[in-house]
Amino acid sequence: MSSGGKRTMKDADTTFRALRPAALDELAGEAHERRRDAEVERIMRTSAEPRTVPRAVTRPGRRPLLLAAGAAAAAVVAGAGAVAVTGGGDGPARRHAPATQASPVDARTFLLASAKTAERAPVKPGRYWYERIQTRVVHEYEHDLPGRTLPRPSPGSRKGRPKPKRLPYTFVTTGRQESWTARSPRDRTRTITGIGVRASFPTPRDQAQWRRAGAPELLSKEDRTRSVNNYDMPIRYQIGNAQVSMDELRRLPVDAAALGRELRRRYEADVRKAGGAANVDPYPYYIWMTAQDLLAGPITPGTKAALYRVLAGQQGVRSDGAVADPLGRRGVAVSMGGPGDRIRLVIDPKTAELLAYESFVGADGAPGLSETYEQTGWVNALDQRP
């Protein structure tokens, strides 16, 4: 994840942007299970019944797309809309569950409890790390339409880039991708993109405004095309602005203090490369964004536990209480505000798995961008699923 804040596609053909929670060592005694379940029950009991909050939309920026190790994959959507434009897929997309919010639980307590759970979860590494991700994006600017780009400044102009033009309607896009990332650099990696791609409208009024605007295409042919991509090369992951192999990822420190020092070292390297701290996100926000990528990747149980402990010590982390992710799964949300966005992680309190990443503009509303981790785990063959 780049330290620039906004989530965009990487240029490197062999880099995955999204990492997933992963290989957790064996060890899950009955005593631990009883303590964990009691602690989870206590935390969840402190949350009031969730209430629905109004939706928000994304700030101006490039049209978000799913990244598939080298192919410009289609990212794209389905909210509670009245109309949908579908692409290649494997069945209808699920309806997007409304964002919910409840009385906050203590973020530090929850993150420390998640650390204990993560380091004991019994998962055996396999030959490939599998993940299935749904991406949902809210669009409200002209450059979000296929074939459109952000307006450029006129030659010789000192006014900078013109302000992006808003659409008279809002539309939502949803799509899925699957990937099998090889643990060995000698094995093939595979991604399938453009799964269940569709566009819809959040309200009947948005649909009516779209029709009055001439009903322009909301999805390009590329967006709507299901694609199977094979890569016979080592896949690199990304921490900050540096690329790492899967082996390097799995050798990250398992001690919270050591992991904190390693992340600080990487942050300072990014600061130097960017020409100063003014050109990158503040360190706590950098840690938060990096945590989303790492928790979504094949890190070891010890590293995952250490990362939760690092997060528990950060200033500005808050708990949003019990919520439902876009698939309706219950979790606890922890978030941090940053330059223009509030980033929220939805974590399963029983397994310490990352359920979803959500990006909000402003203090309230539903996410303008969400990535939902539908299924992840180790498998031993391409096209096998956990």
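Residues numbered from 1 in each chain as written. Predicted model: local features only at pLDDT ≥ 70, side-chain atom pairs only at ≥ 80, totals over all residues. Heavy atoms only, no water.

**Here we look at the overall build of the chain**
So, step 1. Secondary structure summary: the chain contains eight helices and 16 strands in total.
So, step 2. For the chain, the proportion of its 386 residues judged to be buried stands at 55%.
So, step 3. Partitioning the contacts of the chain with sequence separation of at least 6, the portion at a separation of at least 24 is 75%.
So, step 4. Entry remark: accessible area of the chain is about 16700 Å², with carbon and sulfur atoms responsible for 49%. (Helix = DSSP H or I, 4+ residues; strand = E, 2+ residues; numbered from the N terminus. Buried < 20%, exposed > 50% of the residue type's maximum accessible area, 1.4 Å probe, protein only. Contact = heavy atoms within 4.5 Å. Areas by Shrake-Rupley, 256 points an atom, 1.4 Å probe, with all protein chains shown as cover.)

**Some thoughts on the packing of helix α7 (residues 283-295) against helix α8 (residues 301-312)**
So, step 1. Between α7 and α8, the shortest axis-to-axis distance is 11 Å and the interhelical angle comes to 160 degrees. By the angle class used here, α7 and α8 are roughly antiparallel. Once α7 is placed against α8, the crossing between them reads as left-handed. In contact with Ile 287, Trp 288, Ala 291, Leu 294 and Leu 295 of α7, α8 contributes Lys 304, Leu 307, Tyr 308, Val 310 and Leu 311.
So, step 2. When grouped by side-chain class, the residues that make up the contact of α7 with α8 number nine nonpolar, no polar and one charged. (Axes fitted to C-alpha atoms, helices over the stretch in contact; angles between N-to-C directions. Parallel < 35°, antiparallel > 145°, perpendicular 65-115°, else oblique. Left-handed = near helix turned anticlockwise from the far one by under 90°. Nonpolar A, V, L, I, M, F, W, Y, C, P; charged D, E, K, R; others polar.)

**Observations regarding the packing of aromatic side chains**
So, step 1. Summed over all chains, the structure comprises eight aromatic pairs.
So, step 2. When the ring of Tyr 130 is compared with that of Trp 180, the centres are 5.2 Å apart and the planes differ by 55 degrees; the resulting orientation is tilted. Here Trp 180 lies in strand β7 (residues 166-182) and Tyr 130 lies in strand β6 (residues 128-141), a separation of 50 residues in the sequence. Accessibility assignment for this pair places Tyr 130 and Trp 180 in one class, buried.
So, step 3. Ring geometry for Phe 201 versus Trp 210: centroids 5.0 Å apart, planes at 45 degrees, classification tilted. With respect to class, Phe 201 is no different from Trp 210; both count as buried.
So, step 4. Taken together, Tyr 169, Phe 171, Phe 201 and Trp 210 form an aromatic cluster joined through their ring pairs.
So, step 5. A cation over an aromatic ring shows up here: Arg 342 above the ring of Phe 360, its NZ or CZ 4.3 Å from the ring centre. (Phe/Tyr/Trp six-rings, centres within 6.5 Å; stacked < 30°, edge-to-face > 60°. Lys NZ or Arg CZ within 6 Å of the ring centre and 35° of its normal.)

**A word on the pattern of salt bridges**
So, step 1. Evaluation of the coordinates by the stated rule reveals 22 salt bridges.
So, step 2. Among the charged side chains, a network of salt bridges with common partners joins Arg 132, Arg 176, Glu 178, Glu 374 and Arg 385. (Salt bridge = Lys/Arg side-chain N within 4 Å of Asp/Glu carboxyl O.)

**Some points on the side chain of Gln 314**
So, step 1. Following the sequence through the fold, Gln 314 ends up in the loop between α8 and β12 (318-324).
So, step 2. Assessed through its relative accessible area of 18%, Gln 314 is described here as buried.
So, step 3. A polar contact is formed between the side chain of Gln 314 and the backbone oxygen of Val 310, at a distance of 3.2 Å.
So, step 4. Leave out the neighbours within four places in its chain, and Gln 314 touches Tyr 283, Pro 284, Ile 287 and Met 336. (Polar contact = N/O pair within 3.5 Å; in protein donor to acceptor, adjacent residues only side chain to side chain.)

**Here we look at the environment of Asp 293**
So, step 1. As for its placement among the helices and strands, Asp 293 is situated in helix α7.
So, step 2. Between the alpha carbons of Asp 293 and Gly 240 there is a distance of 9.6 Å; along the sequence they are 53 residues apart.

**Quick word on helix α3 (residues 204-212)**
So, step 1. Buried within α3 we find Asp 206, Gln 207, Gln 209 and Trp 210. The buried side chains of α3 occupy one side of the element, clustering within an arc of 165 degrees when seen end-on. Among the exposed residues of α3, those oriented more than 90 degrees off its buried face are Pro 204, Arg 205, Arg 211 and Arg 212.
So, step 2. Of the surrounding secondary structure, the elements contacted by the buried residues of α3 are β7.
So, step 3. The first or second residue beyond α3 is Gly 214, which carries a positive phi of 100 degrees. (Arc of directions from axis to C-beta.)

**Considerations on the packing of helix α6 (residues 256-274) against α8**
To describe two helices that pack against each other, one gives the angle between their axes and the distance between the axes.
So, step 1. Their axes nearest at 8 Å, the elements α6 and α8 cross at an angle of 75 degrees. Classified by the angle their axes make, α6 and α8 are roughly perpendicular. Facing α6, whose interface residues are Ala 256, Leu 259, Gly 260 and Leu 263, α8 presents Thr 303, Ala 306, Leu 307, Arg 309 and Val 310.
So, step 2. Residue composition of the contact of α6 with α8, by class: six nonpolar, two polar and one charged.

**Focus: the pairing of β7**
Remember that side chains alternate between the two faces of the sheet whenever the strand is regular.
So, step 1. Burial within β7 is extensive, with 15 of its 17 residues counted as buried.
So, step 2. The pairing of β6 with β7 spans 13 bridges and is antiparallel. Bridged to Gln 134 within β7 is Arg 176.
So, step 3. Judged from the seven bridges that link them, β7 and strand β8 (residues 189-200) form a sheet pairing that is antiparallel. Each residue of the ladder has a partner; that of Thr 173, found in β8, is Ala 199.
So, step 4. Counting the residues in the hairpin turn of β7 and β8 gives six residues. (Pairing = 2+ DSSP bridges.)

**So, the confidence of the model for the chain**
So, step 1. In the predicted model, the chain carries a mean pLDDT of 76, and 69% of its residues have values of at least 70.
So, step 2. Note on residues 1-103: pLDDT is under 50 here. Beyond four places in sequence and across chains, it has 358 contacts. (pLDDT = per-residue confidence, 0-100.)

**A word on the environment of Arg 344**
So, step 1. Checked against the element boundaries, Arg 344 lands in strand β14 (residues 342-347).
So, step 2. For the pair Arg 344 and Ala 333, spaced eleven residues apart in the sequence, the C-alpha separation amounts to 6.4 Å.

**Examining unusual backbone geometry**
So, step 1. At Ala 215, a position not held by glycine, the phi torsion is positive, near 50 degrees.
So, step 2. By relative accessible area, which is 35% here, Ala 215 ends up partly exposed.
So, step 3. Although it is not a glycine, Asp 383 adopts a positive phi angle of roughly 75 degrees.
So, step 4. If you trace the backbone, Asp 383 turns up in the segment after β16 (369-379).
So, step 5. Judged by its relative accessible area of 38%, Asp 383 is partly exposed.

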